[in-house]
Amino acid sequence: MFLPGVGMFLQLLYLLYIPSLLRPASALALSSPILATAAAPVSAVPTWTELSEALPIPSTPTPELVLYRDNNGWCPFCERVWIALEEKGIPYTTELINLRDKPKWYKDMVPTTLVPAVKFKNDDKVVWESMEVIKELDERYPERKLIDEQHESDMKIVDNVVSSAVKYSFSSRNATLTESQKQELENAFEDSLIALDVRLAPEGPFFGGAEPSAADFAMIPMMERNRWQLPVTSPTFPRLDGSEWPALAKWFRSFDQLDSYSRPSGDELSWLTVSSVFLKMFGGNGTSVNPSVAAKIVMAEKAAEEAVEEVRAKAAKGWKRERIMRFFGAKTREEGIEAARKIIDNHEAVVNDACSSTSEAKSQVALARLSPDSKTSVDLALRTATARLLNVKSERPRYEDKEAARQGMEFIARRVCAPRDMGANAA
């Protein structure tokens, strides 16, 4: 990825559609293994059925457990278990729980009523609380142990970092705190990061050395958020992935390359967008937002817009051949398939969401929806993008309304959220 924090599907939408809907497909081919293949037949833009048939048949081993997690992909405790399952390679299915309206059967099954929880298929045992689940996974699947001999001491460092991070990040929106109290919380967070960097430095890049441990998985969900959000909410605080804490920066880079982290991880644009949502949800007294938080909301929305503009500028300028080939190389083949599969499975909902100006939006209400009569053009543009992801060539699309197609693709690009909709690299 040569645009950090922005995934494949979003960049593809801006590359193909936002600069120009008139650019022929051949101008984008460039011998890329995803965008073009010499033997691929040229046809009209494929239907959704044809695109579905073009998907490779997935390998589906029998699931051994069910993971119950939140439907937005925001819960850091769910992410701990999610990454652990991916790291261990345990086949599982996922059932999403609406945290605002938890079903009765779930509350009956899990005494705490909280997520995450897992239910094992072989004996119907249900385990909840993230670290308890990971312990159970280690007992049942000992081939790749996540809890090592330093787990307890490492978890004290993790708990200190996570706790101080939460207190510091919330201090900026707490109008009852004095400046002195806020400074104390900032100092405590900085001290926790110094201790963390000292712990990671000798062996690294992870707590467990070359391979991540349960302590790493316990810490990354919260640190992932702070990595992208703190520069907006606390711009004077040093970047977590910068030079201030070199071992921590290496830890982030190592997670970015970790296969098991790819699907559960969020991306920069998603967390910047969510940042303003969280500030609105938790930055006031329920009826109003205090002025300092209101200013941070503006900053967060501006940062998200700037991230989008960076992608748009790259696409409008035109990428050189070698950069296209680097980006759409064989390494990203699976990510393209992941994005395409998600779009195909949900294409009706995606198009309806973009073209629903007559109905009340449930989230990101500030984004302008298109009118329902734009559906044909938006659907055609989305099918063309999906065909690119799957290496299915098609004729140049003929739109009823080119501007509606452009606006629809930009809307969809802004709506895609990792990891809610797909993994960060795919998104």
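None of these values were measured; they are calculated from a predicted model.

**Q** Before we move on, could you go through the environment of leucine 380 and cite the residues and values that matter?
**A** Tracing the backbone through its elements, the reader meets leucine 380 in helix 16 (residues 375-389). Sequence separation between leucine 380 and alanine 405 is 25 residues, and the spatial gap between their C-alpha atoms is 7.8 Å.

**Q** A description of the packing of aromatic side chains should follow, citing residues and the corresponding values.
**A** According to the stated counting rule, one finds 13 aromatic pairs in the structure shown. Ring plane angle 85° and centroid distance 4.9 Å describe the contact between tryptophan 74 and phenylalanine 278, whose orientation is recorded as edge-to-face. Pair noted here: tryptophan 74 is in the loop between strand 1 (65-70) and helix 4 (76-88) and phenylalanine 278 is in helix 12 (residues 268-282), with a separation of 204 residues, a long-range link. Classification of tryptophan 74 by relative accessible area gives partly exposed; the value is 23%. Directly above the aromatic system of tryptophan 82 lies the positively charged group of arginine 69, at a separation of 3.9 Å from the ring centroid. Arginine 140 extends its terminal NZ or CZ atom over the ring of phenylalanine 120, reaching a point 3.8 Å from the ring centre.

**Q** Please provide a residue-by-residue account of the nonpolar core, values included.
**A** Counting residues in each nonpolar core, the largest one holds 49 residues, and the members touching the most others are Leu193, Met223, Leu240 and Trp251. For this core, the elements supplying multiple residues, two or more each, are strand 1, helix 4, strand 3 (117-120), helix 6 (130-140), helix 7 (151-171), helix 8 (179-200), helix 9 (214-233) and helix 10 (246-256). Top element by residues in this core is helix 9. It accounts for nine residues. Setting aside its immediate chain neighbours within four residues, methionine 223 contacts Val161, Leu193, Leu196, Leu240, Leu248, Trp251 and Phe252. Judged by nonpolar contacts, the second largest core, of 34 residues, contains Phe9, Ala339, Ala405 and Ala424.

**Q** Tell me about the packing of helix 9 against helix 12, residues and numbers included.
**A** Remark: helix 9 packs on helix 12, axes separated minimally by 9 Å, with the N-to-C direction vectors making an angle of 65°. Pair helix 9 / helix 12 crosses with right-handed handedness. Residues Glu224, Arg225, Trp228, Gln229, Val232 and Thr233 of helix 9 touch helix 12, and the partners they reach there are Glu268, Trp271, Leu272, Val274, Ser275, Phe278 and Leu279.

**Q** Which residues make up helix 16, and what values go with them?
**A** Here helix 16 contains 15 residues, and its C-alpha end-to-end distance of 21 Å stays within 8% of the 21 Å for a straight helix at 1.5 Å per residue. Within helix 16, 13 of the 15 residues are buried, which leaves the element mostly enclosed by the surrounding structure. One or two steps after helix 16, the chain reaches asparagine 391, where phi turns positive at roughly 65°.

**Q** Tell me what's going on with the packing of helix 4 against helix 6, and back it up with residues and numbers.
**A** At a minimum axis separation of 9 Å, helix 4 and helix 6 run at an interaxial angle of 15°. As summarised for this structure, helix 4 and helix 6 are arranged roughly parallel, according to the angle between their axes. The handedness of the crossing between helix 4 and helix 6 comes out as right-handed. Every residue of helix 6 that contacts helix 4 at Phe77, Arg80, Val81, Ala84, Leu85 and Lys88 is listed here: Ser130, Met131, Val133, Ile134, Leu137 and Asp138.

**Q** Describe the sheet that holds strand 4 (residues 126-128), naming the residues involved and giving the relevant values.
**A** On the basis of which strands lie adjacent, the open sheet formed by four strands has the order 2-1-3-4 and mixed pairing. Sheet topology places strand 2 (92-97) and strand 4 at the edges, where each strand pairs with a single neighbour. On average, each strand axis in the sheet is tilted by 20° relative to the strand beside it, whichever way the strands run. In terms of strand pairing, strand 3 meets strand 4 through three bridges, oriented antiparallel.

**Q** Give a detailed account of the pairing of strand 3, specifying residues and quantitative values.
**A** Strand direction decides the pairing type here: strand 1 and strand 3, joined by four bridges, are antiparallel. In the sheet register, leucine 67 faces strand 3, and the bridge partner there is valine 118. If you look at the hairpin formed by strand 3 and strand 4, you'll find five residues sitting between the two strands, and aspartate 124 has a positive phi there, around 65°.

Calculation criteria
Residues numbered from 1 in each chain as written. Predicted model: local features only at pLDDT ≥ 70, side-chain atom pairs only at ≥ 80, totals over all residues. Heavy atoms only, no water. Helix = DSSP H or I, 4+ residues; strand = E, 2+ residues; numbered from the N terminus. Phe/Tyr/Trp six-rings, centres within 6.5 Å; stacked < 30°, edge-to-face > 60°. Buried < 20%, exposed > 50% of the residue type's maximum accessible area, 1.4 Å probe, protein only. Lys NZ or Arg CZ within 6 Å of the ring centre and 35° of its normal. Core = buried A, V, L, I, M, F, W, Y, C linked by side-chain atoms within 4.5 Å. Contact = heavy atoms within 4.5 Å. Axes fitted to C-alpha atoms, helices over the stretch in contact; angles between N-to-C directions. Left-handed = near helix turned anticlockwise from the far one by under 90°. Expected span 1.5 Å × (residues − 1). Parallel < 35°, antiparallel > 145°, perpendicular 65-115°, else oblique. Pairing = 2+ DSSP bridges.

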